[in-house]
Amino acid sequence: MSEEYHKIRRLPPYVFEEVNKKKAAARARGIDIIDLGMGNPDLPTPKFVVDKLCEAIRDPRTHRYSASKGIAGLRRAQAAYYERRFNVKLNPDTQVVATLGSKEGFANMAQAITAPGDVVLCPNPTYPIHAFGFLMTGGTIRSIPAKPDEDFLRAIDRAVRHSIPKPIAIILNYPSNPTAYEADLDFYAEVVKFARENEIVILSDLAYSEIFFDGSPPPSVLEVPGAMDVAVEFTSMSKTFSMPGWRVGFAVGNERLISALARVKSYLDYGAFTPIQVAATAALNAGDAAIEEVRAVYRHRRDVLVESFGRAHFDVPPPSSTMFAWAQIPERFRYMGSLEFSKLLIEKADVAVAPGIGFGEYGDDYVRIALVENEHRIRQAARNIRRFLASGNDPVQKAASADA
């Protein structure tokens, strides 16, 4: 019994847990840690959504098992959202599945379509479930660049020509977590053309479709003609409506893939609690004003973060979407990597961020900073970091000085 189970052996140590332990230990000592690490929205769910939940929960008929693929009204609401927002028509009966958040949907899709040894093309860095959902099912990950440009297109072409067996799927994630990269329809059109020619599935994570600040709203890959032949897209209500703990998301797109996901889910769950689905339906049908409010809050926090951290001599490129900034570690600390730097920020600045290594080895020069504290806390984090950076508190430099 001492040997680890097969699937557990395929998972590396969860690097975020090291930061979480450091954070918890500091708080246990009474230290006020400003937590910009986990992407856990602090904004309240809109009142009208909570009111609808309370109304639905009083009906005892909603206390029974729900529908694994989502109640009909919720699936119709998601289809209506896609038509309104992207001009994409979906059949709510065959092209929409409600999931327990986009993360669960992605993991269960991996279970549905992956055989042992199957190769999946995954951006690096990227949100962990994009890779580990497939690794846990016996698949193999081949990393490709995260930025949606010519290098990405060349990489997927090389992968198809040189991978044995041929890849079964390409992961897309734009706007990206953690990098905040955005893709346009021209890029999506190239990927769709490639996927159709090579009979490869596209799995697109569009969880941040509504958290954008500059320019045009992020598009859906399903807007591209022919994308429905090869693509499924995952969305979430967690960030859009500040409903992370409610666990409501969606998979939409290709009927065959949606059917496979629905079949797997039917063996694993009975869907979200019906009152939650009823409230989520109300949010989708009447929530445009609430989305605007959420977007405005994150835009203001982004501006405060970029300005205050810049004055602290910690340069943060302004993200044009998502609730995250992707910032390179200050040069003098880059040698230690993102995990040790993140632990050092907790110890010396009382600020928690997410180490970039947790999103893939190509993220190790970066940290992800989440816009999950109010502007006053963000400014305080910047002041703490400014004092820390000005102190010259560098473990290696200290050691070198002591040796001298």
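No experiment lies behind these values; they were computed from the predicted model shown. (Residues numbered from 1 in each chain as written. Predicted model: local features only at pLDDT ≥ 70, side-chain atom pairs only at ≥ 80, totals over all residues. Heavy atoms only, no water.)

## With respect to the nonpolar core
Working step 1: Among the nonpolar cores identified, the biggest contains 54 residues, and Tyr82, Phe152, Ile170, Leu172, Phe187, Met237 and Phe250 are the most heavily contacted of them.
Working step 2: Contact partners of Met237, with chain neighbours within four places excluded, come to Ser242, Met243, Val248, Phe250, Ala280, Ala283 and Leu284. (Core = buried A, V, L, I, M, F, W, Y, C linked by side-chain atoms within 4.5 Å. Buried < 20%, exposed > 50% of the residue type's maximum accessible area, 1.4 Å probe, protein only. Contact = heavy atoms within 4.5 Å.)

## Some words on the domain arrangement of the protein chain
Working step 1: According to the domain assignment, the protein chain consists of domain 1 (6–44 + 289–403) and domain 2 (47–286).
Working step 2: Centre-to-centre separation of domain 1 and domain 2, based on C-alpha positions: 27 Å.
Working step 3: The contact between domain 1 and domain 2 buries some 2,900 Å² in all, and 62% of this surface belongs to carbon and sulfur atoms.
Working step 4: Counting across the interface, domain 1 meets domain 2 through two salt bridges.
Working step 5: Glu210 serves as the salt-bridge partner of Arg295, at 3.0 Å between the closest nitrogen and oxygen.
Working step 6: Counting every contact that joins domain 1 to domain 2 gives 10 residue pairs in polar contact (both at pLDDT 80 or more).
Working step 7: Mapped onto the side of domain 1 that touches domain 2, the elements with two or more residues apiece are helix H11 (288–311) and strand S9 (324–328).
Working step 8: By residue class, the composition of the side of domain 1 that touches domain 2 is 16 nonpolar, eight polar and seven charged. (Domains from an automatic or database assignment. Buried area = accessible area lost by both parts, 1.4 Å probe. Salt bridge = Lys/Arg side-chain N within 4 Å of Asp/Glu carboxyl O. Polar contact = N/O pair within 3.5 Å; in protein donor to acceptor, adjacent residues only side chain to side chain. Helix = DSSP H or I, 4+ residues; strand = E, 2+ residues; numbered from the N terminus. Nonpolar A, V, L, I, M, F, W, Y, C, P; charged D, E, K, R; others polar.)

## Overview of the environment of Ala115
Working step 1: As for its placement among the helices and strands, Ala115 is situated in the loop between helix H5 (102–113) and strand S3 (119–124).
Working step 2: With relative accessibility at 35%, the residue Ala115 sits in the partly exposed group.
Working step 3: Expressed as a C-alpha distance, the spacing of Ala115 and Lys193, which sit 78 residues apart in the sequence, is 25 Å.

## What about the packing of helix H2 (residues 15–28) against helix H12 (residues 337–349)?
Pairs of packed helices are described in terms of their axes, by the angle between the two and the distance that separates them.
Working step 1: Between H2 and H12, the least distance of the axes is 10 Å, while the angle of their chain directions is 10 degrees. Classed by the angle they form, the pair H2 and H12 counts as roughly parallel. For the pair H2 and H12, contact is made by Val15, Glu18, Val19, Lys22, Lys23 and Ala26 and by Leu339, Ser342, Lys343, Ile346 and Glu347, respectively.
Working step 2: A breakdown of the residues in the contact of H2 with H12 according to their chemical character gives five nonpolar, one polar and five charged. (Axes fitted to C-alpha atoms, helices over the stretch in contact; angles between N-to-C directions. Parallel < 35°, antiparallel > 145°, perpendicular 65-115°, else oblique.)

## Concerning the UniProt feature "domain: Aminotransferase class I/classII large" (unreviewed entry) in the protein chain
Working step 1: Sites flagged by UniProt as "domain: Aminotransferase class I/classII large" (unreviewed entry) map to residues 32–384.
Working step 2: Spanning residues 32–384, this segment combines 42% helix with 15% strand, and its end C-alpha atoms are found 11 Å apart. (UniProt positions renumbered as here; feature names shortened; annotations may be inferred.)

## Here we look at the sheet that holds strand S2 (residues 96–99)
Working step 1: In spatial order, the strands read S2-S8-S7-S6-S5-S3-S4; together these seven strands make up an open sheet with mixed pairing. Single-partner strands in this sheet number two, and they are S2 and strand S4 (140–145). Averaged over neighbouring strand pairs, the angle between their axes works out to 20 degrees when direction is ignored.
Working step 2: Sheet analysis places strand S6 (residues 201–205) next to strand S7 (residues 231–236), joined by four bridges and oriented parallel. Among the inter-strand pairings, Asp205 is bridged to a residue of S7, identified as Phe234.
Working step 3: Taken strand by strand, helix H9 (residues 255–268) contacts S2, S6, S7 and strand S8 (249–253), and its axis lies near 35 degrees from that of S2. (Pairing = 2+ DSSP bridges.)

## Some remarks on the environment of Ser338
Working step 1: Looking at where Ser338 falls in the secondary structure, it is placed in helix H12.
Working step 2: Under the relative-accessibility criterion, Ser338 is labelled buried at 0%.
Working step 3: Each C-alpha atom of the pair Ser338 and Lys166 lies 33 Å from the other, and the pair is 172 residues apart in sequence.
Working step 4: In this view, Ser338 contacts Ile329, Pro355, Gly356, Ile357, Gly363, Asp364, Tyr366 and Val367; residues no more than four positions away in its chain are not counted.
Working step 5: A polar contact of 2.9 Å, which involves the side chain of Ser338, links it to the backbone nitrogen of Ile357.

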